[in-house]
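As a plain string of letters, each chain reads:
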Amino acid sequence: MAGTVSKIVLYDGFRNADISERPTSSKTISVRLALSVKGILHKTFWVDWPDIAAEAIKVGAPPTGERDGKPRYTVPFIYDPTTRRAISDSQIIIAYLETQYPDTPRLFPQRTRALQAAFVQQGGPHSIERRLLDAAVPLNLPPLMSAMTPRAQEYIER
C-alpha cells in the first residue's frame, strides 16, 4: 500500500515568506517523519493559521478540541485519498498510519500503545505531554510569532 499512486495530503501551518515551507509545530514534524519512515507518498498543503479551521472543515477533518465552547481545529491533519478519510491530531494520525499501512515499517514496538496513551492522555490537561508543552510556551512562542505572517500574528494574538 505504501507505493499507492495517490498521495496523502499533510496539512501544515506555514510561516512568513522569508522561511516558508518549514513546519511550525513538533506535531507536524512527527507526522511528517512517520510518513517518511513508513515510505508513504505524501505532499504538504501549507495553510496560513487563520485558514486552518476552514481548510479542515473543507476536507472533513474533525476538530481537535474545543475552545470557548466552539470546535477548535489545529494542524496537523491529513487527507488520505486512498481511503477518502481525513484524520486530525498527530497521535491519531500516527495510529491510523500504523493500522492502515501495516506492510510498511512499524513506528513503535508491539504492545506499547498503553504506555503511549498514558503519556498523551488524548486531550488530557494533566498529561505529561500537555505539561511539557505548557512549560515550553514562554520559550517557543516569541520565535514562532516572529516567523508567522502578519495575518497569522494578529489571529494568534486575538
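Placed above this text is the structure.
Quick notes on the rules
Residues numbered from 1 in each chain as written. Predicted model: local features only at pLDDT ≥ 70, side-chain atom pairs only at ≥ 80, totals over all residues. Heavy atoms only, no water. Salt bridge = Lys/Arg side-chain N within 4 Å of Asp/Glu carboxyl O. Helix = DSSP H or I, 4+ residues; strand = E, 2+ residues; numbered from the N terminus. Buried < 20%, exposed > 50% of the residue type's maximum accessible area, 1.4 Å probe, protein only. Phe/Tyr/Trp six-rings, centres within 6.5 Å; stacked < 30°, edge-to-face > 60°. Core = buried A, V, L, I, M, F, W, Y, C linked by side-chain atoms within 4.5 Å. Contact = heavy atoms within 4.5 Å. Pairing = 2+ DSSP bridges. Axes fitted to C-alpha atoms, helices over the stretch in contact; angles between N-to-C directions.

### Concerning the pattern of salt bridges
No. 1: Using the criterion set out here, one finds four salt bridges in the structure.
No. 2: Residues lysine 38 and glutamate 98 are paired through a salt bridge, measuring 2.8 Å at the closest nitrogen-oxygen approach. In this pair, lysine 38 sits in helix α1 (residues 26-38) while glutamate 98 sits in helix α3 (residues 90-100), placing the two residues 60 residues apart along the sequence. The exposure classification of lysine 38 matches that of glutamate 98, with both residues buried.
No. 3: Between glutamate 55 and lysine 58 there is a salt bridge, with the nearest N and O atoms lying 3.6 Å from each other. Placement of both glutamate 55 and lysine 58 in helix α2 (residues 52-59) is noted, with a separation of three residues, approximately one turn of the helix.

### Some thoughts on the packing of aromatic side chains
No. 1: Applying the stated criterion across every chain, the model contains two aromatic pairs.
No. 2: With 5.3 Å between their ring centres and 50° between their planes, tyrosine 11 and phenylalanine 45 make a pair best called tilted. Placement of tyrosine 11 in strand β1 (residues 8-13) and of phenylalanine 45 in strand β2 (residues 42-47) is noted, with a sequence separation of 34 residues between them.
No. 3: Overall, the relative accessible area of 6% leaves tyrosine 11 in the buried class.
No. 4: With 4.4 Å between their ring centres and 10° between their planes, tyrosine 11 and phenylalanine 77 make a pair best called stacked. Here the residue tyrosine 11 occupies a position in strand β1, and phenylalanine 77 occupies one in strand β5 (residues 77-80), the gap between them amounting to 66 residues. Here tyrosine 11 and phenylalanine 77 have matching classes, each one buried.
No. 5: Within the aromatic cluster, the residues linked to one another by ring pairs are Tyr11, Phe45 and Phe77.

### Overview of the nonpolar core
No. 1: Grouped together as the largest cluster of nonpolar side chains are 14 residues, with contacts concentrated most on Tyr11, Trp49, Ile52, Val59, Ala61 and Phe77.
No. 2: At three residues, α2 tops the list of elements feeding residues into this core.
No. 3: Those residues within four positions of isoleucine 52 in sequence are excluded, and the remaining contacts are Val47, Tyr73, Thr74, Val75 and Phe77.
No. 4: Core analysis: the second largest hydrophobic core is formed by 13 residues, Val31, Ala34, Ile94 and Tyr96 among them.

### A few points about the sheet that holds strand β6 (residues 85-88)
Strands pair in a sheet through their backbones, by hydrogen bonds, and they do so in one of two ways: parallel or antiparallel.
No. 1: Strand order in the open sheet formed by four strands is β2-β1-β5-β6, and the pairing between neighbours is mixed. The sheet is open, and its two edges are formed by β2 and β6, each paired on a single side. With strand direction ignored, the average angle separating the axes of adjacent strands in the sheet is 20°.
No. 2: The strands touched by α1 within the sheet are β1, β2 and β5, with β1 carrying the most contacts at an inclination of about 155°.
No. 3: In the packing of α2 onto the sheet, the strands contacted are β1, β2, β5 and β6, and the crossing angle to β5 comes to about 25°.

### Remarks on the pairing of β5
No. 1: Judged from the three bridges that link them, β1 and β5 form a sheet pairing that is antiparallel. Along β5, the bridge assignment pairs valine 9 with tyrosine 79.
No. 2: Of the strand pairs in this sheet, β5 and β6 are connected by four bridges, and their pairing is antiparallel. Pairing of aspartate 80 across the sheet is with arginine 85, part of β6.
No. 3: Where β5 folds back on β6, the antiparallel hairpin that results is connected by four residues, among which arginine 84 adopts a positive phi of roughly 60°.

### Side note on unusual backbone geometry
No. 1: Residue proline 76 is bonded to the preceding valine 75 through a cis peptide linkage, with omega at 5°.
No. 2: Counting through the fold element by element, proline 76 comes out in the loop between β4 (70-72) and β5.
No. 3: Although it is not a glycine, aspartate 68 adopts a positive phi angle of roughly 55°.
No. 4: The backbone of aspartate 89 shows a phi angle near 80°, a positive value even though the residue is not glycine.

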